[in-house]
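Here is how the chains run, residue by residue.
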Amino acid sequence: MSNPPDVSDRSDVTDRSDVTMPLARTCPYAPPAEYERLRERTPVARVSLPTGTTAWAITRHEDIRTVLADPRFSSDRKAPGFPALSPSARKLASEARPTMIGMDGSEHGTARRAVLGEFTVRRMRGLQPRIQQIVDECLDAMLAGPRPADLVTALSLPVPSLVICEQLGVPYADHEFFQLHSSRLIGRSPSYEEKHHALAALQGYLGTLIADKEREPTDDLLGRQIVKRREEGSYDREDLVGLAFLLLIAGHETTANMISLGTLALLEHPEELAALRADPGRTPAAVEEMLRSFTIADAVVSRVATEDVEVGGVLVRAGEGVLVLSNAGNHDPAVYPRPDALDIERGARNHLAFGFGAHQCLGQNLARMELQIVFDTLVRRVPGLKLAAPVEKLPFKNDSSVYGIYEMPVSW
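What you see is a predicted model; the values in this text were computed from it and never measured.

1. Concerning the overall build of the chain
The helix and strand tally for the chain stands at 15 helices and 11 strands. For 412 residues, the compact-globule estimate of 2.2 N^0.38 gives 22 Å, and the C-alpha radius of gyration of the chain, at 21 Å, lies within 12% of that figure. The dimensions of the chain, computed from C-alpha atoms along their principal axes, are 65 × 55 × 40 Å. Expressed as a percentage of the 412 residues in the chain, the buried residues total 54%. Roughly 17600 Å² of accessible area belongs to the chain as shown, and the carbon and sulfur atoms make up 51% of that amount. In the chain, which carries 46 positive and 56 negative side-chain charges, the distance between the mean positions of the two groups comes to 2 Å.

2. Regarding the nonpolar core
Counting residues in each nonpolar core, the largest one holds 86 residues, and the members touching the most others are L155 and L206. Counting residues per element, this core draws most heavily on helix α11 (residues 237–268), at 16 residues. Excluding its chain neighbours within four sequence positions, the residues that come into contact with L155 are V135, C138, L139, P160, I259, V374 and L378.

3. Focus: the pairing of strand β6 (residues 301–305)
Within β6, 5 of the 5 residues are buried, which leaves the element mostly enclosed by the surrounding structure. With burial as the criterion, each face of β6 is covered, one bearing V301, R303 and A305 and the other bearing S302 and V304. Of the strand pairs in this sheet, strand β4 (residues 73–74) and β6 are connected by 2 bridges, and their pairing is antiparallel. Its bridge partner being in β6, F73 is matched across the sheet by A305. The pairing of β6 with strand β9 (residues 321–324) spans 4 bridges and is classified as antiparallel. Each residue of the ladder has a partner; that of V304, found in β9, is G321.

4. Remarks on the packing of aromatic side chains
Summed over all chains, the structure comprises 3 aromatic pairs. On the basis of an interplanar angle of 45° and a centroid distance of 5.3 Å, the ring pair of F177 and Y205 is categorised as tilted. With F177 in helix α8 (residues 175–186) and Y205 in helix α9 (residues 192–215), the pair connects residues that are 28 residues apart, well separated along the chain. You can call F177 partly exposed: its relative accessible area is 30%. Consider the rings of F396 and Y403, whose centres lie 6.0 Å apart with planes at 5°: the pair is stacked. You'll find F396 and Y403 in the same group, each marked buried. Its guanidinium or amino end placed over the ring of Y403, R25 lies 4.1 Å from that ring's centre, counting from NZ or CZ. In this structure, K397 packs its charged tip against the face of Y406, placed 5.2 Å from the ring centre.

5. Re unusual backbone geometry
Residue P22 is reached from M21 by a cis peptide bond, and omega for that bond is 0°. Within the secondary structure, P22 is located in the loop between β1 (16–20) and α1 (33–41). In this structure, P148 follows R147 across a cis peptide bond, with omega equal to 0°. Even without glycine at this site, T295 takes up a positive phi of about 40°. With respect to the helices, strands and loops of the structure, T295 is situated in the loop between α13 (283–294) and β6. Given the relative accessible area of 2%, T295 is considered buried. One non-glycine residue, R338, lies in the positive phi region at around 50°. Summarising the element assignment, R338 is placed in the loop between α14 (326–329) and α15 (364–381).

Scoring rules and cut-offs
- Residues numbered from 1 in each chain as written.
- Predicted model: local features only at pLDDT ≥ 70, side-chain atom pairs only at ≥ 80, totals over all residues.
- Heavy atoms only, no water.
- Helix = DSSP H or I, 4+ residues; strand = E, 2+ residues; numbered from the N terminus.
- Rg over C-alpha atoms; globule rule 2.2 N^0.38 Å.
- Buried < 20%, exposed > 50% of the residue type's maximum accessible area, 1.4 Å probe, protein only.
- Areas by Shrake-Rupley, 256 points an atom, 1.4 Å probe, with all protein chains shown as cover.
- Lys, Arg positive; Asp, Glu negative; His and termini not counted.
- Charge placed at Lys NZ, Arg CZ, Asp CG, Glu CD.
- Core = buried A, V, L, I, M, F, W, Y, C linked by side-chain atoms within 4.5 Å.
- Contact = heavy atoms within 4.5 Å.
- Pairing = 2+ DSSP bridges.
- Phe/Tyr/Trp six-rings, centres within 6.5 Å; stacked < 30°, edge-to-face > 60°.
- Lys NZ or Arg CZ within 6 Å of the ring centre and 35° of its normal.

Shown next as structure tokens:
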């Protein structure tokens, strides 16, 4: 792919903005206020990036789905025009071996199909009793301990961490190690050197773990992949390390933050909490509404055009980067009436929290199940749960690519 064109003096670029990405949220329940202005005035707008370059920001639900479904927009993070939200992220992407999220076309399809069977609805249902047990054990420990407790360390982090560790075959005893390094990788403040060290540490750890499993494959996702790929003649340890790395980070960071934010939303909206307590059958719809409302992985879905493509009436030239602002799309009033209201009856599954198109989140069935079990159990077992600190004092993750809360003191 050629270098992205210089658009500084292009006469056809009329949709400019003075916005520099990424933007911080001022309210945990809503996207940055600037998103609304962009969506109304310049839904395909040129924005500045911390790398000193520019990209197109897409804010309408319809346009976002169009971009994510169009194979002319590439996920290749090594492409010259691919938009990075920090110089360190750009440099790291240029050095790292591609994982599934950075692949296109048949390469991506082959990598995805290889592991798709591990995330079917049927297999997720088989995990349900164990997930319920994990949630109950975490709540047992929290309720038996001192008050106030930190919901993040007592419930939000250990539940998805235990689940993904058991699914992959990663020792949970090492969870503090991979949580520390994964937080550095998705954080915006760590330097390139810190991120590089975190990436090398995680890859080295997983490489050693997988090498051990090669000698005696275990009955877990990684062990089964070793056996399957050997039989197919396609086994490559580095490829499997990349897959394990991707699933390990995505499998606990996102769900953990959704548990914290979802619990906060219910405590701050007692009428919605009462409705769930009265009818647990509403929980699946409530989970969808929380996913839509928070869209915690906003501004991380990026693409680069491989051809000239018109989006929302604007010409995006080959080699130009595109930022998909999913949180803006999930608050598009053309699709969701009263988008800033938390309405657990909405139940809109056409949201963009898991992406759209060929790259839609592989683990969405697992995430939904974990969230439903957590909220059902929390509402039933801890009816007196309450915040033990003012909302405005909570440390929100405005410095991370995955939004959430660092600590959340609760009592009951």
